[in-house]
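Letter by letter, the chains look like this.
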Amino acid sequence: MVPAKPARATAAIYSAEQRARRDATIWTPVQGVLAPLQFLAFLVSLMLVCRYLATGAGYGAATVSILVKTGLLYAIMLTGAIWEKRVFGQYLFAPAFFWEDVFSFAVIALHTAYVVALLQAAGPGTEMGLALAAYAAYLVNAGQFLRKLRLARREAAP
């Protein structure tokens, strides 16, 4: 008989004080609006990028959509840093969101690399490749945050 593994103790995401600050700050609903808006922009943009890659048509629309998605990413990162400061007392890398923040920087770096490539006229292949890499990283990061949201809701349940 194999002994059962002990239950893994996980630290709470929020202390009672942090939860109260989270619920009181305007930045929580701002994040709640920006996150799904960014995801919608991602879905539309992904379709436009894939259409361009499959047909060669719609480069302009794909480019605009990537820039919109990138702008929303910058907005959510900036407001998220303010949210983190209000809730945890530091702008980034609060222990509860350390790995999400680390990966967010990779996502931002890839989106920014796309913008730089676009400004340098690196060519559609390079630009769209960077956009797809940025989008893959974004999906991982969005999954991290969704997992954290689910855990926080589970913690809050009576």
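Quantities reported herein were computed from a predicted structural model and do not represent experimental measurements. (Residues numbered from 1 in each chain as written. Predicted model: local features only at pLDDT ≥ 70, side-chain atom pairs only at ≥ 80, totals over all residues. Heavy atoms only, no water.)

**Describing the side chain of His-111**
So, step 1. Position of His-111 relative to the elements: it lies in helix H4 (residues 98–119).
So, step 2. A polar contact is formed between the side chain of His-111 and the backbone oxygen of Val-107, at a distance of 2.9 Å.
So, step 3. When neighbours within four sequence positions are excluded, His-111 is seen to be in contact with Lys-69, Thr-70, Leu-73, Tyr-74, Ala-134, Tyr-135 and Tyr-138. (Helix = DSSP H or I, 4+ residues; strand = E, 2+ residues; numbered from the N terminus. Polar contact = N/O pair within 3.5 Å; in protein donor to acceptor, adjacent residues only side chain to side chain. Contact = heavy atoms within 4.5 Å.)

**Structural notes on helix H2 (residues 27–55)**
So, step 1. Taking 1.5 Å per residue, 29 residues should reach 42 Å; H2 reaches 41 Å between its end C-alpha atoms and fits that length.
So, step 2. The elements touched by buried residues of H2 are helix H3 (59–88) and helix H5 (124–156).
So, step 3. Just past H2, the residue Gly-56 takes up positive phi, approximately 80°. (Expected span 1.5 Å × (residues − 1).)

**Digging into the packing of aromatic side chains**
So, step 1. Under the defined criterion, the tally for this structure stands at 14 aromatic pairs.
So, step 2. With a centroid separation of 6.5 Å and an interplanar angle of 85°, the aromatic rings of Tyr-14 and Trp-83 are classed as edge-to-face. Here Trp-83 lies in helix H3 and Tyr-14 lies in the segment before helix H1 (16–24), a separation of 69 residues in the sequence.
So, step 3. For Tyr-14, a relative accessible area of 8% gives the class buried.
So, step 4. In this structure an aromatic cluster arises from ring pairing among Tyr-14, Trp-83, Phe-88, Phe-97 and Phe-145.
So, step 5. Above the face of the Tyr-138 ring, Lys-69 is positioned so that its terminal group lies 3.9 Å from the ring centre.
So, step 6. Of note, Lys-148 hangs over the ring of Phe-97, and the distance from its end group to the ring centre comes to 5.2 Å. (Phe/Tyr/Trp six-rings, centres within 6.5 Å; stacked < 30°, edge-to-face > 60°. Buried < 20%, exposed > 50% of the residue type's maximum accessible area, 1.4 Å probe, protein only. Lys NZ or Arg CZ within 6 Å of the ring centre and 35° of its normal.)

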